[in-house]
Amino acid sequence: MRATPPAAGGSRLGPTVVALARRALVNALRKPQFLAPLVIFPTLFLAINVGGLGATRTLEGFPQVDGFLDYQLAAAILQSLLIGGVTAGIAVALDIEGGFFDRLVASPAPRIAIVLGRVLAAGVIAAAQVVYFLVLGLAFGASVKGGAIGVLCVLTIGIVAGTGFGALGVLIALRARSASTVQGIFPLVFVVLFISSAFFPLELLSAPADVIATYNPLSFIATGMRQPIAFSNQWLPVLEGLAAAVALTAVSIGLSLLALRGRLRDA
Amino acid sequence: MQAGEVYGFLGPNGAGKTTTVRMLVTLLRPTGGSARVAGYDVAREPSQVRRRIGVALQEAALDPLMTGSELIELQATLHGIDPRSVRARGEELIGRVGLTDAAGRRVGTYSGGMRRRLDLAMALIHDPEVLFLDEPTTGLDPTSRLTLWDEVRRLRDEGTTVFLTTQYLEEADQLADRIGIIAAGTIVAEGTPASLKAEVGRPHLDLVLAPGSDLALARELVARFGAQRPPTESCHLSIALQRGAPDIAPILRALDDAGFAVAELELKQPTLDDVFLAKTGERLEGAEEPGEDAPQQREPLPEAV
Amino acid sequence: MRARLRMVWALVRRGLNEILRVPGGAIPGVIAPTIFMLGMAAVFGKAATLEGYGGVSFLAFIVPVAMLQGAGFTGAATGVNLARDIERGWFDRMLLAPAPRPVLLAGVVASASLRALLPASFLLIVALALGVNWPGMLELSLAAVLVMGLAAAMACYATLVALRFRTQQAAPLMQMGSFIAVLFTTSYAPRELLSGWLGAIADVNPVTHVLEGVRQGFVGDVTWAGTWPALVAVSGLVLVFGALAVRGMSRQGI
């Protein structure tokens, strides 16, 4: 006796998205070589920045902070989230190369779940990344000036931004031809970070980085996360950071869904 | 193995063929026992062994960025061949395997058959005494396979000893002077193809009589010529022969004299597959499970950081 | 001996194919340290106004770091290529040849040393174009020797990792080794401005001496006091990692 085919339409979207997100998470956990760059490189970078450039706090124009680590934590989180986005893109590209993507497309699963599942997984991993760096910072003497609300603000902005970067990674994977192409994007992560005020105050950046950083959404996101950690819960920077993260995420998800449609049309 | 022979090494997946080859060519240290190749102990004198063997492994591992000529010349250099002879020797071997026109192209553009041929040429660059071929025709089209078989026969005629592992019984039957069958790490049979087949059975004459024939009477009639297998279908006879083809005419005459009409007949010889089945309990062709012989498998690795 | 040198040269030529025959193959090894150099200078440029930087720009201070990073990445890439060769079976082919194992290693390491000159040269050109003073031929010659030496040491380290794990998935481990070695030094700031723990690490990290050796000419002049520790350090790294790598190679097969 044949099983009744499932009802078509959006009713299965939720469970499918969750199932694909779970698969993405399990795969990531089973490949430490994927997760290591997310955490280890930014941690090493953070350590060297703090250890090597702590004296720059004495520069005129540098804001008053308890410690250079407090100032740098947001940059480390942001760097980690960006690498997470590239990693999500590489995973999708490998799915495409390996044929799993075709398997999903050929199934009755709603196709937008292919993007949304990966994006949801990116958000979950982002939460873990933010928590990791906050705990690390606390362990090494930093503190979150904004208290519990401050932690919540950092988490919220971080998760939204991480979700957005994941969607960007998916977008790049859908447009690129191979996983190695997506991997080639890796250096750009550092470029866009360097031309922001993630690591250093806007006033102290050299030209032309200072001009670009003024408009770079990453500057707003970094500032939004840094405010509650290094300073206090001032709503404007936090809201600006959140708005930048939301806008980035919305645009990225929209573009990746369009890219998915384009890819399926061309198949 | 005897010098100058082609030795076929057969076994199901996971039996230990590739492990054996890797030990004999000094890529894997044996955990026990000893082996001598070209007169040298593989464990104690590996460098001497390597000078005298040529190896074409299961994967034709070639550098896709290099041309065929460059690869041959690199191999020659690594074997310490006199630089004045490298180019000439390379051209000779490239020509021998029919790759002259492709020699200047990068290996990344070669077909599977071309890669195998280049792999063989590289294995022969230093004129080895013993040549190891690990499943050399797997994945090749029939024409390329036959070309490679001709090359193996030519090498044998020139005096090279060839150790050949293969999944294809026909290949072993065609090429090997002697065959060894390995199962679960042990040699379970060894001999010439003919002697191995003779060990497990006799030729059979399968007959199909005209419809309506009295099968019982026919069976009684031919009983004196040899043992019969139970009929699997009506009007079918299957008789074991002592000698083979020479035994057919008397049987047909007897049936004809008794008024039986023979619609079809077939002489069936025992095959290596029958040998394999008798010695290992399974058939070689159609074995599906990837085992230690699959080139991708390696021992489990610790996860990298 | 001549035959062995020919073998090494043949392997070096093969190693150079990665940048000569792969379209854009040279780019990643050059782009990453360049982005690092320019980015760090753009972000932290004002740090050089602090006492201790010798009055030079942050860019001039950091060029040597980028050069050594390029050397480190090149060494790591060599290990990744070896892991790929192992995965594809090409390494078995090398082991089957009668070429001694140290010769195989020498070929891999020598190609890394030569390749490291490419990012170093590019970085120098970019730095000069952006106003860094010409360091001088003697200084550049010393820098070249140290860059090549560090690339060789990192290639030996990456070879060890490749032989141990036999997969390209160990690439992050190779890259991280070089990252840590080059950056946990006086990379961003002079010794007196480093925080306590980083200063302690920099004091015992031999690459600090290598970095200070390369930094001569970009900051200050070449002196024997600044040169001999660098040469000793890089020689020591090559000897130690080289010996370990030779041992690792010799254990392959029989």
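Every value quoted in this text rests on a predicted model; they were computed, and no experiment measured them.

Rules used throughout
- For every chain, the first residue of the written sequence is number 1, and numbering continues from 1 along that sequence.
- Ligands are numbered from 1 and chains lettered from A, in the order in which they are written.
- Whole-chain, interface and lining totals are the exception, using all residues; otherwise, since this is a predicted model, local features are given only for residues with pLDDT of at least 70 and side-chain atom pairs are given and counted only at 80 or more.
- Think of the side-chain values as coming from all heavy atoms in the structure, minus any hydrogens and water.
- In this description a helix means any DSSP run of H or I spanning at least four residues, a strand means any run of E spanning at least two, and both kinds are numbered starting from the N terminus.
- Our radius of gyration looks at C-alpha atoms and nothing else; its globule reference is 2.2 Å times the residue count to the power 0.38.
- Buried, partly exposed and exposed residues are distinguished by accessible area as a fraction of the type maximum, computed with a 1.4 Å probe on protein chains only: under 20%, between the cut-offs, and over 50%, respectively.
- We call two residues contacting when some pair of their heavy atoms lies within 4.5 Å.
- Only the protein chains shown count as cover for residues, and the accessible areas themselves come from Shrake-Rupley with a 1.4 Å probe.
- In this tally Asp and Glu are treated as negative and Lys and Arg as positive; neither His nor the chain ends contributes.
- Each charge is placed at NZ for Lys, CZ for Arg, CG for Asp and CD for Glu.
- The term buried area means the drop in 1.4 Å probe accessible area that two parts suffer when joined, counted for both and summed.
- For salt bridges, the criterion is a side-chain nitrogen of Lys or Arg within 4 Å of an Asp or Glu carboxyl oxygen.
- In this analysis, a patch consists of residues with relative accessible area above 30% that form no salt bridge, clustered at 9 Å for like charges and at 5 Å for the nonpolar side chains Val, Leu, Ile, Met, Phe, Trp and Tyr.
- Whether a set of points on the 1 Å grid over the protein atoms alone is a cavity depends on a 1.4 Å probe fitting there but being unable to get out, while an open set qualifies as a pocket with protein on both sides within 12 Å along at least five of seven lines; lining residues are those with an atom within 4 Å of a point.
- Grid points are joined across faces, edges and corners, and a volume is the space filled by probe spheres set on the points.
- pLDDT is a residue-level measure of predictor confidence that goes from 0 to 100.

## Things to note about the overall build of chain B
Then, number 1: A count of helices and strands for chain B gives 11 helices and 11 strands.
Then, number 2: Here chain B has a C-alpha radius of gyration of 25 Å; the compact-globule value for 305 residues is 19 Å, and the former is much larger.
Then, number 3: Referenced to the eigenvectors of the C-alpha coordinate spread, the extents of chain B come out at roughly 80 × 45 × 40 Å.
Then, number 4: Within chain B, the fraction of its 305 residues that count as buried is 48%.
Then, number 5: Considering only residue pairs separated by 6 or more positions, chain B has 70% of its internal contacts joining residues 24 or more positions apart.
Then, number 6: For chain B, the exposed area adds up to about 14700 Å²; of that, 49% sits on carbon and sulfur atoms.
Then, number 7: In chain B, which carries 33 positive and 46 negative side-chain charges, the distance between the mean positions of the two groups comes to 5 Å.

## A word on the interface of chain C and chain B
Then, number 1: Between chain C and chain B, the contact holds 33 residues from the first and 41 residues from the second.
Then, number 2: Summing the contributions of chain C and of chain B, the shared interface buries around 3200 Å²; its carbon and sulfur component is 62%.
Then, number 3: If you sort the residues of chain C by the area they bury against chain B, R93, L96 and I254 of chain C come out on top, with a joint share of 26%.
Then, number 4: At the boundary of chain C and chain B, one finds four salt bridges.

## Overview of unusual backbone geometry
Then, number 1: The omega torsion of the bond from A207 of chain A to P208 of chain A falls at -5 degrees, within 30 degrees of zero and hence cis.
Then, number 2: Summarising the element assignment, P208 of chain A is placed in the loop between helix 8 (186–194) and helix 9 (209–215).
Then, number 3: Of note in this structure, A184 of chain B is not a glycine but carries a positive phi near 50 degrees.
Then, number 4: The topology assignment puts A184 of chain B in the loop between strand 7 (178–183) and strand 8 (186–191).

## So, a nonpolar patch on the surface
Then, number 1: A contiguous nonpolar surface patch, about 220 Å² in accessible area, is contributed by V18, L120 and V124 of chain A.
Then, number 2: Position of V124 of chain A relative to the elements: it lies in helix 5 (residues 112–139).

## Thoughts on empty space enclosed by the protein
Residue and element names in this part refer to chain C.
Then, number 1: Going through the model one piece at a time under the given rule, you end up with four cavities of 30 Å³ or more.
Then, number 2: Volume-wise, the largest cavity comes out at about 250 Å³.
Then, number 3: Lining the largest cavity are 18 residues, with L11, R14, G15, D85 and V108 positioned closest to its centre.
Then, number 4: Counting only elements with at least two residues in the lining of the largest cavity, the list comes to helix 1 (2–20), helix 3 (58–88), helix 4 (90–96) and helix 5 (101–129).
Then, number 5: Roughly 130 Å³ of volume is contained in the second largest cavity.

## Describing the confidence of the model for chain B
Then, number 1: On average, residues of chain B score 86 in pLDDT, and 93% of them are at 70 or above.
Then, number 2: Under a pLDDT of 50 for its full length, residues 286–305 of chain B has, in the predicted model, 43 contacts with residues more than four places off or in other chains.

## Some remarks on the environment of S107 of chain A
Residues and elements named next belong to chain A.
Then, number 1: In this structure, S107 sits in the loop between helix 4 (100–106) and helix 5.
Then, number 2: Accessibility expressed as a relative area gives 26% for S107, which makes it partly exposed.
Then, number 3: Taking the C-alpha atoms as reference points, S107 and L168, 61 residues apart in sequence, are found 24 Å from one another.

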